[in-house]
Amino acid sequence: VTREIWEHARIATMQASGSYGLIEDASIVTENRMIAWVGASAALPADMSVGANQAHDCAGRCITPGLIDSHTHLAYASNRAHEFEMRLAGMDYAEIARQGGGILSTVRATRAATEPDLFAAAQRRLSALLDEGVTTAEIKSGYGLDRETELRQLRVARELGRRNPITIHATYLGLHAVPPEFPDANAYVDFVVSDVLPAVAAEGLADTADAFCDPIAFSPAQTTRFFTAAKALGLRVKLHADQRMPGGGGALAARNLALSADHLEYAQPSDLQAMACAGTVAVLLPGAFYYLRETTRPPIAALRDLGIPIALATDCNPGTSPTTSLLLMLNMACTLFDLSPQEALAGVTRNAARALGIQAQTGTIEIGKRADFVVWNVEDPAELAYAMGASSCAQIVQNGLLVKNTLA
Ligand code: DI6
Ligand code: FE
């Protein structure tokens, strides 16, 4: 076995909800790809240190689990800076979408992009996430809406996972918008359910399926049809829910035992009750809230009262959240949504793993989990949410390998 030790760190294990699970002057021992031991350095068993191939002195720096971005749309072509200008001149997001802009303008660009060009664009965004200590990222399709382009986006997502030190979770976002070649949403859902979804499942290109349930997108009935078909093919589901107005999205997600319901600015008490019962994670997206100048905040107090796990993600997409900084989302979740820095960190580690259904493998620093962790140039984990746009990442260990090292 290859055994490495990280010692003299302040480790935020994130093992239990409600605390950092801090261990002072602590060590982590990795064996191959796994965490073999974690605890106070003074308690390190002799047989663990004896055969170590390498020891890293963290000199009091903080270690956290590798960060997890549980909601991104980063495999798209071009950008929508011109729509940013239009919105600043007074037009709103829904109006731009009705005029053929919005999601459909990115669909046109993504359909026109070759696979290498699409890969290159996505790689640039993924590299920015990697640089900040992200060791797992979800990537959605949804900018193809025809079979070829949806499969191309998902293949690019898988290829990014093969070529980068990161675990990629791919999501088929089949119901994002109705493409212009279909007369209506029902006809498009027919096509998705009978044609694209079976192809995605047959090629093993997606881990989960997702939909945008909204008056400008798909109804609860259409979403339910898609979810039923996806689940029959063995895919768990996630939902863009209650982002712009109340619509029962949270409850719809819960009825389908969704891993997560995302956005939730307009979720109602009945949505939250259902989510609590079903164990559905709330994924909050402060970048989209900020960029759309939304003023209705997600129901944080009710989420806390009901014990619903809160995750945070970038929502990296060209129309509503053009960001590649997960650390900035920690700061925005605190300033805009009143999360504590501890809740924010849990949102990109422990609870983000649950939002992807991978909490048995990663998301906390625990014996037996994958060795995904980050050594930060900070003394206190609250500094991660406090700083705006700072890159405080000193070392990244992903799947047991030291993949970034500024301390050497
Ligand atoms: N909700 C969003 O915020 C993004 N997708 C979605 O369903 C927006 C995507 C875009 O505008 O391109
Ligand atoms: Fe999204």
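Here, every reference points to the structure presented above.
Note that the structure is predicted; figures quoted are calculated from it, not measured.

**Looking at the coordination of the iron ion (ligand 2)**
Right, so step 1: Of the protein atoms, only H71 (NE2), H73 (NE2), H240 (NE2) and D315 (OD) coordinate the iron ion (ligand 2), at distances of 2.1 to 2.2 Å.
Right, so step 2: Taken together, the four donor atoms surrounding the iron ion (ligand 2) define angles of 82 to 169 degrees at the centre, an arrangement classified as irregular.
Right, so step 3: Mapped onto the polypeptide sequence, the residues donating to the iron ion (ligand 2) form the spacing pattern H-x1-H-x166-H-x74-D. Pair noted here: H73 is in the loop between β6 (67-69) and α2 (81-88) and H240 is in strand β10 (residues 236-241), with a separation of 167 residues, a long-range link. In this pair, the class of H73 matches that of H240, namely buried.

**What to know about the site of ligand 1**
Right, so step 1: Of all residues adjacent to ligand 1, which total 14 residues, the nearest are R80, Y93, Y143, H176 and T320.
Right, so step 2: Between an oxygen atom of ligand 1 and a side-chain N or O atom of R80, the distance comes to 2.8 Å.
Right, so step 3: Residue T320 places a side-chain N or O atom 2.8 Å away from an oxygen atom belonging to ligand 1.
Right, so step 4: In isolation ligand 1 has 320 Å² of accessible area, and contact with the protein removes 100% of it.

**Considerations on the pattern of salt bridges**
Right, so step 1: For the structure shown, the criterion picks out 20 salt bridges.
Right, so step 2: The partner of E31 in a salt bridge is R3, with the nearest N and O atoms 2.8 Å apart. Of this pair, E31 sits in strand β2 (residues 22-31) while R3 sits in strand β1 (residues 3-12), placing them 28 residues apart in sequence.
Right, so step 3: Ionic pairing is found between R80 and E83, a salt bridge with its closest N-O pair at 2.8 Å. The same class applies to R80 as to E83, namely buried.
Right, so step 4: A single network of salt bridges, built from pairs that share partners, joins R111, D146 and E181.

**Section: the packing of helix α7 (residues 185-202) against helix α8 (residues 220-232)**
Right, so step 1: Running from amino to carboxyl end, α7 crosses α8 at an angle of 5 degrees, the nearest separation of the two axes being 10 Å. On the basis of the axis angle, α7 is roughly parallel to α8. Contact residues: α7 offers A185, N186, V189, D190, V192, V193 and L197, while α8 offers Q222, R225, F226, A229 and A230.
Right, so step 2: Tallied by class, the residues present in the contact of α7 with α8 amount to eight nonpolar, two polar and two charged.

**Quick notes on the pairing of strand β16 (residues 401-405)**
In summary, the side chains of a regular strand alternate between the two faces of the sheet.
Right, so step 1: Pairing analysis gives four bridges linking strand β15 (residues 393-398) to β16, with the strands arranged antiparallel. The residue bridging Q398 from the neighbouring strand is L401, located in β16.
Right, so step 2: Hairpin remark: β15 followed by β16, antiparallel, with two residues in the connecting loop; positive phi at N399, about 55 degrees.

**Observations regarding α8**
Right, so step 1: In this model, α8 (13 residues) spans 18 Å end to end at C-alpha, consistent with the 18 Å of a helix rising 1.5 Å per residue.
Right, so step 2: Of all the positions in α8, only Q222, T223, F226, F227, A229 and A230 are classed as buried. Buried positions in α8, seen along its axis, are confined to an arc of 165 degrees and lie on one side of it. The exposed residues of α8 that point more than 90 degrees off its buried face are A221 and A232.
Right, so step 3: Buried residues along α8 sit against β8 (167-175), α7, β9 (208-212), β10 and α9 (249-255).
Right, so step 4: Backbone geometry just after α8 places G234 at a positive phi near 90 degrees.

**Points about helix α5 (residues 115-131)**
Right, so step 1: For α5, spanning 17 residues, the distance from its first C-alpha to its last is 24 Å, which sits close to the expected 24 Å at 1.5 Å a residue.
Right, so step 2: Of all the positions in α5, only L118, F119, A121, A122, Q123, R125, L126, L129 and L130 are classed as buried.
Right, so step 3: The residue sitting at the N-terminus of α5 and contributing the capping side-chain oxygen is T114; that oxygen lies 3.1 Å from the backbone nitrogen of D117.
Right, so step 4: Count one or two residues on from α5 and you reach G133, which has phi positive near 95 degrees.

**Concerning unusual backbone geometry**
Right, so step 1: A positive phi is found at N32, a non-glycine position, where the angle reads about 55 degrees.
Right, so step 2: Structurally, N32 is set in the loop between β2 and β3 (34-40).
Right, so step 3: With phi around 55 degrees, N399 is a residue other than glycine that occupies positive phi space.
Right, so step 4: Structurally, N399 can be placed in the loop between β15 and β16.

**Some points on the packing of aromatic side chains**
Centre-to-centre distance and the angle between the planes together describe a pair of aromatic rings.
Right, so step 1: Following the criterion strictly, the structure yields 10 aromatic pairs and no others.
Right, so step 2: Ring centres of F84 and Y291 lie 5.4 Å apart, and the angle between their planes is 20 degrees; on these two criteria the pair is classed as stacked. Within this pair, whereas F84 is found in helix α2, its partner Y291 is found in helix α11 (residues 286-291), the two being separated by 207 residues in sequence.
Right, so step 3: When its relative accessible area of 14% is taken as the criterion, Y291 is described as buried.
Right, so step 4: Taking the centre distance of 6.0 Å and the plane angle of 35 degrees together, the rings of Y188 and F218 count as tilted. Taken together, the residues span a long stretch of sequence, with Y188 in helix α7 and F218 in the loop between β9 and α8 at a distance of 30 residues.
Right, so step 5: Note that R163 overlies the ring of F119, its terminal NZ or CZ placed 4.4 Å from the centroid.

How each quantity is defined
Residues numbered from 1 in each chain as written. Chains lettered and ligands numbered in written order. Predicted model: local features only at pLDDT ≥ 70, side-chain atom pairs only at ≥ 80, totals over all residues. Heavy atoms only, no water. Donors = N, O, S within 2.8 Å, 3.2 Å for Na, K, Ca; no water. Tetrahedral: all angles 85-135°; square planar, octahedral: opposite > 155°, others 65-115°. Helix = DSSP H or I, 4+ residues; strand = E, 2+ residues; numbered from the N terminus. Buried < 20%, exposed > 50% of the residue type's maximum accessible area, 1.4 Å probe, protein only. Near = heavy atom within 4 Å. Polar contact = N/O pair within 3.5 Å; in protein donor to acceptor, adjacent residues only side chain to side chain. Areas by Shrake-Rupley, 256 points an atom, 1.4 Å probe, with all protein chains shown as cover. Salt bridge = Lys/Arg side-chain N within 4 Å of Asp/Glu carboxyl O. Axes fitted to C-alpha atoms, helices over the stretch in contact; angles between N-to-C directions. Parallel < 35°, antiparallel > 145°, perpendicular 65-115°, else oblique. Contact = heavy atoms within 4.5 Å. Nonpolar A, V, L, I, M, F, W, Y, C, P; charged D, E, K, R; others polar. Pairing = 2+ DSSP bridges. Expected span 1.5 Å × (residues − 1). Arc of directions from axis to C-beta. Phe/Tyr/Trp six-rings, centres within 6.5 Å; stacked < 30°, edge-to-face > 60°. Lys NZ or Arg CZ within 6 Å of the ring centre and 35° of its normal.

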